[in-house]
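Below, each chain spelled out in residue letters.
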Amino acid sequence: TGMTLTTYRDGEEWENYTIVIFGDLNGDSFITSTDCSIAESEVFSNTWSDDLSDDYKPYMVMACDFDENEKITSKDTACVSNFALGVSIIDQTNGKVIDL
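Residues numbered from 1 in each chain as written. Predicted model: local features only at pLDDT ≥ 70, side-chain atom pairs only at ≥ 80, totals over all residues. Heavy atoms only, no water.

1. Considerations on the environment of Leu85
And step 1. Its place among the elements puts Leu85 in helix H3 (residues 74–85).
And step 2. Take Leu85: its relative accessible area is 67%, and that puts it in the exposed class.
And step 3. Remark: the alpha-carbon pair of Leu85 and Ser33, spanning 52 residues in sequence, is separated by 8.5 Å. (Helix = DSSP H or I, 4+ residues; strand = E, 2+ residues; numbered from the N terminus. Buried < 20%, exposed > 50% of the residue type's maximum accessible area, 1.4 Å probe, protein only.)

2. A few points about the pattern of salt bridges
And step 1. This structure, assessed with the given rule, holds 1 salt bridge.
And step 2. The partner of Lys96 in a salt bridge is Glu68, and the shortest N-O contact between them spans 3.2 Å. Taken together, the positions of Lys96 in the loop between strand S3 (88–90) and strand S4 (97–99) and Glu68 in the loop between helix H2 (57–64) and H3 put the pair 28 residues apart, joining distant regions of the chain.
And step 3. Residue classification places Lys96 among the partly exposed positions, given a relative accessible area of 42%. (Salt bridge = Lys/Arg side-chain N within 4 Å of Asp/Glu carboxyl O.)

3. A look at the packing of aromatic side chains
And step 1. One pass over the structure, following the stated rule, counts 0 aromatic pairs.
And step 2. One cation-aromatic arrangement involves Arg9 over Trp14; the distance from NZ or CZ to the ring centre is 4.9 Å. (Phe/Tyr/Trp six-rings, centres within 6.5 Å; stacked < 30°, edge-to-face > 60°. Lys NZ or Arg CZ within 6 Å of the ring centre and 35° of its normal.)

Right, dumping it as structure tokens:
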């Protein structure tokens, strides 16, 4: 789903990059019905993220927060579902959903 990449120059930390696969909530690099189920569970507070490390949770939200309100909502869940159904795509450069 996501990670922070730290680059070093001359032995010193140089730059940090956050890498996220938009729509991928379980970290398997694919956007499937499993990700839809995870997003839906988050919306209804049947959350599995309580068992995740605090380091992972921000990436999960970044991967699915298409309406940019810093939480996973039913609108975000619909975006993941539409991708899994093949009726939209998710631009991995900016996280924007494009209807087909």
